[in-house]
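The residues making up each chain are set out below.
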Amino acid sequence: WRLHRSPVDVKMAPQNKFADNRDALEDLCRRRFFYRPAFEIYGGTAGFWTYGPPGSAVKNNLIALWRKHFVIEESLMEVEDTCIMPHPVLKASGHVDRFTDFMVKDLKDPSKFYRADKLLEDHMEVMMAAKGVTPAQREEYEKVKNMADGYTKDELHAVLQQYGVKSPETKNDLSEPYAFNLMFPTPIGPSGLVQGYLRPETAQGIFLNYPFCLEQNGGQMPFGVAQIGKAFRNEIAPRQGLLRQREFTQAEIEFFCKPGDKPHPKFASVAHLELSLFSSPQQLAAQQATPRKLGEAVAEGLINNETLGYFIARTFLLSRRAGILAEHIRFRQHLPTEMAHYASDCWDMEVEMSYGWIECVGIADRSAFDLTSHANATGKELSAREKLETPVTEQAFVLGKKAAAMIGKDFKAQAKAVSAALAALSSDALVALSAKAQADGSATLALDGGLEVTLTAVQLEGKVESKTVHERVYVPNVVEPSFGIDRLLTAIYEHSYYVREGGEGEEKGDKGKSAVRAVLRLTPEVAPYKCIVCPLDARVTDKYAPQLERLREHFSQLGVQYKVDETSASVGKRYARNDELGIPFGITVDFDTLDEASHLFNTVTLRERDSTDQLRVPLAEVADAISKVCLGSSDWAKLCATYPTQEQAKAAPAAGSTDPIAFLRAHNIEKLLNAAVNDALEKRPADPIKFIAEQLLALPL
């Protein structure tokens, strides 16, 4: 199970606080079966993982939260496309030719392969942590580390040689870097003659179905389409647990919008957010990320446009909602050398974890590259139309019928691609191309994919014509947030893990010290189960079937995930055991719950995981109370203002008691009145008495 770490990993320093907990958290995840290596009984295969019952539940809850946060709240459409794609699709998208990483191998042990840029980054970490390194050297190494992903093949080889990077396990020399395509090939059909691949990303399925989604949206722009599903990449050196897998889950959005400034109608609602931004110039200067208000960053042009900025903000808000700590989130801008030639701007949301800053989400303005590529490859129109309020007259250069006929005759199979390339030119560019052909006898035209063809003067004959334009036709641009769900899960686990000394049901450890218990501080929305139900002991277990059935019915109606723990351990040990699973609430059914003569009849203890505080809640209300907290419409503080603590409830006076204060406290009247009065003071209603009365009447009976 233990993750294999090369000597470079072991030497990396200094460690952050998450690294200190890494081994304990890995042990917890293995022991409680959040996830384990796939095919483990056969020895496992690197890069593949199996999620167990609690891990699957957390992952599904995170995906449900993602859907709620984006698909529902942003009114997106959603598609589900295939995991296998034919060769022409991925050829047009560029994956066949360019979806590569640079790899190096041990020259004396060819079984050892490494991803070259990651090896360089790790080596720079070691050099920065070495004793006696000067500030100037540290700055130099930081710049090289930041540039590692942007070097060309030759530049990467030169840098590896310059800094003496060796095979980390054997110290042998390394080969020159060479490109390795990360896609998994697979034949399609019984003949095996149709070449396919496991999809390397979910995005292409959205682009292929753009025209049908546009129709679903009534032809209106802008709109967004989401897809969640498996993606596959044949990683060179998968390691670091869930962070670098060969089969993983992606959640992607393609937001189609009109080219230009790309304003977003909801950007003002997030412009005030202050985020840690790590710009390209800061990286090249070996500086640190700085907090910036989103509105200012967009206004200054640091972030290219409002739509890109809006999705950066929404990504941050989702991460916080899922339980990732804000102070360990930054947004890193792509360097010029690593940004795709067609992209306007790209930012990665990086999260600080035990392995350092890890990219979890990429938010990119991909311009019109993908739709244009697929349109050129298929001859299909993948554009949008905008009706003009007032028609305009324009001058345009139009090729003659003879020229079109000659192109079809002379280029045959290439004629469609040539016509598409000419149609993509602006009128001015087409005039210039025709003029060159008339002057020189021919002109060169670049086709998609880097091919060039030569056109004669006859093939470029045309004339300028006036035409009235009633609509604009354009290829939409795309802003793409792409989420690595498994990486987000790792961040959630690392940021929620802590240890609690002593406490409920704890035994004494070595030398009489309190034992240490692990806790996952998972938010109620992503926790695998929302509560556990515990009978106090075996005597209650034999009698509480009617109460348990009522709870089961209520939880099922509300869609609340729960589990029942009827083991023989003490209730404190059961609480601690389920704290490891991140379960936020515990319900205990005790003797008072079953005793019709008790004033606590049909009430249960509700315990909160992190504070370990306990309330006494009516059996009929507890499921609804937990559901509201999990949905975000309530919280623990509101529950504390509504229900008495365990101590207050137990202290209810005997029948006939004359102590009025004890009577009020026993029935929680004092707390409820104070809460209503404080609410009135905060909101200052015109009729405070009526307001307080309405607050009290609204309380659950």
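Preceding this section is the structure that the text describes.
Remember, it's a predicted structure, so these values are computed and weren't measured experimentally. (Residues numbered from 1 in each chain as written. Predicted model: local features only at pLDDT ≥ 70, side-chain atom pairs only at ≥ 80, totals over all residues. Heavy atoms only, no water.)

## Considerations on the packing of helix α3 (residues 53-72) against helix α18 (residues 485-496)
Point 1. Taken N-terminus to C-terminus, the directions of α3 and α18 make an angle of 110°; their axes are 11 Å apart at the nearest point. In terms of their interaxial angle, α3 and α18 are classed as roughly perpendicular. Between α3 and α18 lies a crossing whose hand is right-handed. Residues G55, V58, K59, L62 and I63 of α3 form the contact with α18, whose participating residues are I485, D486, L488, L489, I492 and Y493. (Axes fitted to C-alpha atoms, helices over the stretch in contact; angles between N-to-C directions. Helix = DSSP H or I, 4+ residues; strand = E, 2+ residues; numbered from the N terminus. Parallel < 35°, antiparallel > 145°, perpendicular 65-115°, else oblique. Left-handed = near helix turned anticlockwise from the far one by under 90°. Contact = heavy atoms within 4.5 Å.)

## A closer look at the environment of L548
Point 1. Within the secondary structure, L548 is located in helix α20 (residues 545-558).
Point 2. Considering only alpha carbons, one finds L548 and K118, 430 residues apart in sequence, at a separation of 53 Å.
Point 3. Here L548 is in contact with V533, V564 and E566, once residues within four sequence places are set aside.

## Comments concerning helix α7 (residues 135-147)
Point 1. For α7, with 13 residues, the first-to-last C-alpha span of 18 Å sits near the 18 Å given by 1.5 Å per residue.
Point 2. Listed as buried for α7 are Y141, E142, V144, N146 and M147. (Expected span 1.5 Å × (residues − 1). Buried < 20%, exposed > 50% of the residue type's maximum accessible area, 1.4 Å probe, protein only.)

## Details of the packing of helix α6 (residues 116-129) against α7
Point 1. Where α6 contacts α7, the two axes come as close as 9 Å, and the packing angle between them is 165°. Overall, the two elements α6 and α7 adopt an arrangement that is roughly antiparallel. Considering only the axes of α6 and α7, their crossing is left-handed. Across the interface between the two elements, L120, E121, M124, E125, M127 and M128 of α6 pack against R138, Y141, E142, V144 and K145 of α7.
Point 2. Residue composition of the contact of α6 with α7, by class: 6 nonpolar, no polar and 5 charged. (Nonpolar A, V, L, I, M, F, W, Y, C, P; charged D, E, K, R; others polar.)

## Re the packing of aromatic side chains
Point 1. Within this structure, the stated rule accounts for 18 aromatic pairs.
Point 2. With a centroid separation of 5.3 Å and 70° between ring planes, the pair formed by F34 and Y493 is classed as edge-to-face. In this pair, F34 is assigned in the loop between α2 (17-31) and β1 (35-37) and Y493 in helix α18, connecting sequence segments 459 residues apart. Taken as a pair, F34 and Y493 share a single burial class, namely buried.
Point 3. Through pairs of rings, three or more aromatic residues link up here, namely F34, Y35, W49, Y51 and Y493.
Point 4. Sitting above the plane of the Y575 ring, R607 keeps its charged end 4.5 Å from the centroid. (Phe/Tyr/Trp six-rings, centres within 6.5 Å; stacked < 30°, edge-to-face > 60°. Lys NZ or Arg CZ within 6 Å of the ring centre and 35° of its normal.)

Any link to function would need more than the numbers given here.
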